[in-house]
Amino acid sequence: MGLTIGVDIGGTKIAAGVVDEEGKILDDHKVPTPGTPEGIVDAICAAVAAAGKGHDIEAVGIGAAGYVDDKRATVLFAPNIDWRHEPLKDKVEQRVGLPVVVENDANAAAWGEYRFGAGKGHEDVICITLGTGLGGGIIIGNKLRRGRFGVAAEFGHIRVVPDGLLCGCGSQGCWEQYASGRALVRYARQRAYATPENASILLGLGDGTPGGVEGKHISQAARQGCPVAVDSFRELARWAGAGLADLASLFDPSAFIVGGGVSDEGDLVLDPIRKSFRRWLIGAQWRPHAQVLAAQLGGEAGLVGAADLARQG
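Presented here is an overview of the structure given in this document. Bear in mind that the values here come from a model prediction, so they are computed numbers and not experimental data.

Basis of the calculations
- Residues numbered from 1 in each chain as written.
- Predicted model: local features only at pLDDT ≥ 70, side-chain atom pairs only at ≥ 80, totals over all residues.
- Heavy atoms only, no water.
- Pairing = 2+ DSSP bridges.
- Helix = DSSP H or I, 4+ residues; strand = E, 2+ residues; numbered from the N terminus.
- Contact = heavy atoms within 4.5 Å.
- Axes fitted to C-alpha atoms, helices over the stretch in contact; angles between N-to-C directions.
- Core = buried A, V, L, I, M, F, W, Y, C linked by side-chain atoms within 4.5 Å.
- Buried < 20%, exposed > 50% of the residue type's maximum accessible area, 1.4 Å probe, protein only.
- Expected span 1.5 Å × (residues − 1).
- Salt bridge = Lys/Arg side-chain N within 4 Å of Asp/Glu carboxyl O.

A few points about the sheet that holds strand β12 (residues 255-259)
Reasoning step 1: One open sheet accounts for five strands, arranged β11-β10-β9-β12-β13; its pairing is mixed. The two strands at the open ends of the sheet, each matched to only one other strand, are β11 (143-144) and β13 (291-294).
Reasoning step 2: As paired strands, strand β9 (residues 125-130) and β12 are joined by five bridges and run parallel to one another. In the sheet register, Val125 faces β12, and the bridge partner there is Ala255.
Reasoning step 3: The strands that helix α3 (residues 105-116) touches are β9, β10 (134-140), β11 and β12; relative to β10, the one it contacts most, it runs at about 50°.

Let's talk about the nonpolar core
Reasoning step 1: If you look at the biggest cluster of nonpolar residues, it comprises 47 residues, and the most contacted ones within it are Ile128, Leu130, Phe155, Ile218, Leu244, Ile273 and Phe277.
Reasoning step 2: When contributions to this core are tallied by element, the ones reaching two or more residues are β9, β10, α4 (181-194), α5 (200-205), α6 (215-223), α7 (227-251), β12 and α8 (267-280).
Reasoning step 3: The element contributing the most residues to this core is α7, with 12 residues.
Reasoning step 4: Counting residues in each nonpolar core, the second largest holds 29 residues, with Val41, Ala51, Leu88 and Val100 among its members.

What to know about helix α9 (residues 301-312)
Reasoning step 1: Helix length check: α9, at 12 residues, gives a terminal C-alpha distance of 16 Å against a target of 16 Å (1.5 Å per residue), a fit within 8%.
Reasoning step 2: Taken across its 12 residues, α9 has 11 buried, putting it largely inside the fold.
Reasoning step 3: When we look at burial in α9, the residues that qualify are Ala301, Gly302, Leu303, Val304, Gly305, Ala306, Ala307, Asp308, Leu309, Ala310 and Arg311.
Reasoning step 4: Following α9 by one or two positions, Gly313 has its phi on the positive side, about 85°.

Digging into the side chain of Ser276
Reasoning step 1: Locating Ser276 in the fold gives a position in helix α8.
Reasoning step 2: Ignoring sequence-local partners within four residues, the contact set of Ser276 consists of Ala237, Arg238, Gly241 and Ala242.

So, the pattern of salt bridges
Reasoning step 1: Taken as a whole and judged by the stated rule, the model has 16 salt bridges.
Reasoning step 2: Notably, a salt bridge pairs Arg191 with Glu235, separated by 4.0 Å at the nearest N-O pair. In this pair, Arg191 is assigned in helix α4 and Glu235 in helix α7, connecting sequence segments 44 residues apart.
Reasoning step 3: For Glu235, a relative accessible area of 18% gives the class buried.
Reasoning step 4: Taken together, the salt bridges that share partners define one network made up of Arg191, Asp231, Glu235 and Arg238.

The following block contains the structure:
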C-alpha cells in the first residue's frame, strides 16, 4: 500500500497528513477543533479531503483520545468529547470513500515511534507520553498489543497510591496524578508557596504568585537553575521512573520511549527518570536494563502512527 492519511484529533486543532511508507509527511492540513461531536466528524472529513488533494490515498487512520473498541471502529468513550459508542469509522468512511482505521491516540503515537522514531531496531517497546495526563502503548513481538477489548495500556490510571489524589477518571492515586504535566505544575506551585525564596526565578516568569505558575514557566526556570523548578522536575521523574520499573516487571521490554510535552525538556527530566528507574527496578544488579529513550517524532508521532496503522490494515 502506498500513501495513507493520518489524523490527530487535538484539543484545539485537528491535523491530517499524507504519509508515505517511510513515515514522511508529504502534505498536511489543520483545522480548528469544533465544539460538538458532529462538528468534529465534519472537520475530520474536511481535513482529510484538503490534505489528500492531488494524492492517490489508499486509507485513513484516526488517532482519538479515549477507549476504542477491538474492531478499531467505535470510540467507546472519549474524555474530552461527548462520544459514547461513537461509530467513527463508519461515519468517516461514508464521507471520504476510503477505508478507515480508528486507534487510541497514545497507541498511534507509540506505533509511530516504534516504526519510525526512537523504537527502530527494537521488537519489544513500551511507550509512555507525559503530557497533561499520562498515556501509553505496548509493542511486544513487533505487534501493537491492544488487549482483548482494545483498551489496554491505560497506564496513567494504574493506582500507585491507595486512597491517593483524586483523578479525573473518578479513581484515586492514579499514576498520572504524580507523573504528568499537571503534576509538575502542582509540585512547582506547592514548593513556591512553601519556599518562595527559592522560587524567585520561577515566580518572576509568571504573575509573581505561586498560583500563576504554568508549565512553560517551570521549564524556563529550570533551564536557568531555579531550585524549585529543578526539584519539581526531579519529583515528577521519581514517580515516572518508579512506574517504569513496575512496567519492566510486567513486560520486560528492551526499551522504554518517553514522549509528550514534558519529555521535550530532554535530559533535565530523562536523566532523573533513568536514575529512578534503576533505583526501583527489582533485581537491578542481576538483570539487563531496558533503555530509557527520548521520543523522536514529537507532536507528529500520533499522526504518522495512525497513517501507518491504516496502511497495515
